[in-house]
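Remarks on the overall topology
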Amino acid sequence: MTSAYIFKLASTPQEIDAYFELRKAIFVEEQYVFEENDVDDIDAIAYPIVAINPENNQVVGVVRIYETEKGIWYGGRLGTSKDYRRGWQIGKGLIYKAVTTANTWGCDRFFATVQIQNVRFFQRLHWESLKEMTICDRPHHFMEADLNFYPPSNEIRPTYPAQIREAS
């Protein structure tokens, strides 16, 4: 998948800090989903993935992936910087990187809870809605990716996922 953006596991302290800062900007300051920050216990086991604009090295998109039991993976906290929401290129790239990475690491099923306004976009990317649900008083769909459209990559699994960062 070629792109003007780089999609990768966040690996440096700067990338991880920018990952959490962008999540806070999207889910706390813009969408008001959380009051102070969106960091939770899942961050202790999650692998952060970022979209980077190579022109300025800025993190412009985020998503996290995590395994809850052998072969069962989830994606979450998908978001794009407000200044980069032109079309769906960053979101599509992040979803592709998330699912192909998990698929490389032994994923049998990949799920996400998707805000209602993004369900059609996910369906176009070969996701199926399994049920409707409410999270943080907002309508979502519990969705599953068709792994046939997300081939394994060559991503090497780090020894340890990102650890919870103390809220600033």
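Report follows, based on the coordinates. (Residues numbered from 1 in each chain as written. Predicted model: local features only at pLDDT ≥ 70, side-chain atom pairs only at ≥ 80, totals over all residues. Heavy atoms only, no water.)

Focus on the packing of aromatic side chains
- Following the criterion strictly, the structure yields 14 aromatic pairs and no others.
- Taking 5.0 Å as the distance between ring centres and 80° as the angle between the ring planes, the aromatic pair formed by Tyr19 and Phe20 counts as edge-to-face. Accessibility assignment for this pair places Tyr19 and Phe20 in one class, buried.
- Ring plane angle 90° and centroid distance 6.0 Å describe the contact between Phe121 and Phe122, whose orientation is recorded as edge-to-face.
- An aromatic cluster is defined as three or more aromatic residues linked by ring pairs; in this entry it consists of Trp88, Phe110, Phe121, Phe122 and Trp127.
- If you follow Lys131 out to its NZ or CZ, it ends over the ring of Phe142, 6.0 Å from the centre. (Phe/Tyr/Trp six-rings, centres within 6.5 Å; stacked < 30°, edge-to-face > 60°. Buried < 20%, exposed > 50% of the residue type's maximum accessible area, 1.4 Å probe, protein only. Lys NZ or Arg CZ within 6 Å of the ring centre and 35° of its normal.)

Structural notes on the side chain of His141
- Residue position: His141 is located in strand 7 (residues 138-145).
- Here the side chain of His141 touches Ser129 through a polar contact of 2.6 Å, side chain to side chain.
- When sequence neighbours within four positions are dropped, the list of residues in contact with His141 reads Ala112, Thr113, Val114, Ile116, Val119, Ser129, Lys131 and Glu132. (Helix = DSSP H or I, 4+ residues; strand = E, 2+ residues; numbered from the N terminus. Polar contact = N/O pair within 3.5 Å; in protein donor to acceptor, adjacent residues only side chain to side chain. Contact = heavy atoms within 4.5 Å.)

Digging into unusual backbone geometry
- Here the phi dihedral of Asn57 falls at roughly 60°; this positive angle occurs in a residue that is not glycine.
- By secondary structure assignment, the location of Asn57 is in the loop between strand 2 (47-53) and strand 3 (58-69).
- Although it is not a glycine, His126 adopts a positive phi angle of roughly 70°.
- With respect to the helices and strands, the residue His126 is situated in the loop between helix 3 (119-124) and strand 6 (127-135).

Side note on the sheet that holds strand 3
- Taken in spatial order, the 7 strands line up as 1-2-3-4-5-7-6 in an open sheet, and their pairing is mixed. For this open sheet the edge positions go to strand 1 (6-9) and strand 6, each flanked by a neighbour on one side alone. The sheet shows a mean angle of 25° between the axes of neighbouring strands, taken without regard to direction.
- Here strand 6 runs beside strand 7; their pairing, made up of 8 bridges, is antiparallel. Its bridge partner being in strand 7, Glu132 is matched across the sheet by His141.
- Contacting strand 1, strand 2, strand 3, strand 4 (72-80) and strand 5 (109-115), helix 1 (residues 13-30) crosses the sheet at an angle of about 95° to strand 3.
- Relative to the sheet, helix 2 (residues 89-104) contacts strand 1, strand 2, strand 3, strand 4, strand 5, strand 6 and strand 7, its axis offset from that of strand 3 by approximately 30°. (Pairing = 2+ DSSP bridges. Axes fitted to C-alpha atoms, helices over the stretch in contact; angles between N-to-C directions.)

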